[in-house]
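Residues per chain are reported as follows:
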Amino acid sequence: SIQQWHSMYTDLPNLTTKVSVQDRSILETNHDDSRLIQPARLQAAIDQALLSFPSTSTRAFVRPSGTEDVVRVYAEAPTLSETRALNLTVAQAVFDLAHGTGTRPSSSSVLP
C-alpha cells in the first residue's frame, strides 16, 4: 500500500548544480546514468568522495547535459551540510577532471 511504501521511504536533503565544461561529450555514463564509464578518473574521484561519508544512504552522480556543455552534479546525504560538502567536492572534481570552464566551484557557488 502507499502507507507501507511511505513508511519505508526517507526523503534526504539533495542538491543539484551545473558545472560548465569545454566538451560534454567526453563524459560517458552507464545505461542508467548512475556511474561514469569515461573519464574513469572522474568516477574514481566521486567514489573516493563518497568514502568520506559514513552513511550508506549518501550518493552522488554526474551526467552530461544533452543540449549544452554542462555537467549536472547530484548529491544526496543525511544532512544538508553533508549534502553541500559532497556536492562541492564532486563539482570541483568535475571541473578539474572534465576540463571545466569559467570559475571553479566554491562553497559560495553551491547553495540550495
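So, a few notes on the structure that sits alongside this text. Treat the numbers as computed from the prediction; the structure is a model and nothing was measured.

Describing the overall build of the chain
Next, step 1: Summing up its helical and strand segments, the chain has 3 helices and 5 strands in all.
Next, step 2: Going from the N terminus to the C terminus, the chain shows its helices and strands as α-β-β-β-α-β-β-α.
Next, step 3: Taking 13 Å as the expected radius of gyration for a compact globule of 112 residues, we find that the chain reaches 15 Å, a close match to that expectation.
Next, step 4: For the chain, the C-alpha atoms occupy an extent of roughly 45 × 30 × 25 Å along the three principal directions.
Next, step 5: Expressed as a percentage of the 112 residues in the chain, the buried residues total 37%.
Next, step 6: Here the contacts in the chain between residues at least 6 apart in sequence split such that 60% fall between residues at least 24 apart.
Next, step 7: Carbon and sulfur atoms make up 52% of the accessible area of the chain, which amounts to about 6,700 Å² in all.
Next, step 8: Charged side chains of the chain number 9 positive and 11 negative; the gap between the two group centres comes to 4 Å.

Topic: the environment of Thr-83
Next, step 1: Within the secondary structure, Thr-83 sits in helix α3 (residues 80–97).
Next, step 2: Sequence separation between Thr-83 and Pro-105 is 22 residues; the distance between their C-alpha atoms is 15 Å.
Next, step 3: Apart from the residues within four sequence positions on either side, Thr-83 is in contact with Pro-13, Asn-14, Leu-15, Ala-75, Glu-76 and Ala-77.
Next, step 4: From its side chain, Thr-83 meets the backbone oxygen of Pro-13 in a polar contact 3.2 Å long.

Details of a nonpolar patch on the surface
Next, step 1: On the surface, Ile-2, Trp-5, Met-8 and Tyr-9 cluster together into a nonpolar patch covering about 510 Å² of accessible area.
Next, step 2: By secondary structure assignment, the location of Trp-5 is in helix α1 (residues 2–8).

Structural notes on the pattern of salt bridges
Next, step 1: Throughout the structure, instances matching the rule amount to 7 salt bridges.
Next, step 2: Measuring nitrogen to oxygen at the nearest pair gives 3.9 Å for the salt bridge that ties Lys-18 to Glu-68. Of this pair, Lys-18 sits in strand β1 (residues 14–20) while Glu-68 is found in the loop between β4 (59–64) and β5 (70–76), placing the two residues 50 residues apart along the sequence.
Next, step 3: Exposure remark for Glu-68: the relative accessible area of 32% places this residue in the partly exposed category.
Next, step 4: Between Asp-96 and Arg-104 there is a salt bridge; the shortest N-O distance is 2.7 Å.

What counts and how
Residues numbered from 1 in each chain as written. Predicted model: local features only at pLDDT ≥ 70, side-chain atom pairs only at ≥ 80, totals over all residues. Heavy atoms only, no water. Helix = DSSP H or I, 4+ residues; strand = E, 2+ residues; numbered from the N terminus. Rg over C-alpha atoms; globule rule 2.2 N^0.38 Å. Buried < 20%, exposed > 50% of the residue type's maximum accessible area, 1.4 Å probe, protein only. Contact = heavy atoms within 4.5 Å. Areas by Shrake-Rupley, 256 points an atom, 1.4 Å probe, with all protein chains shown as cover. Lys, Arg positive; Asp, Glu negative; His and termini not counted. Charge placed at Lys NZ, Arg CZ, Asp CG, Glu CD. Polar contact = N/O pair within 3.5 Å; in protein donor to acceptor, adjacent residues only side chain to side chain. Patch = residues over 30% accessible without salt bridge, like charges linked within 9 Å, V, L, I, M, F, W, Y side chains within 5 Å. Salt bridge = Lys/Arg side-chain N within 4 Å of Asp/Glu carboxyl O.

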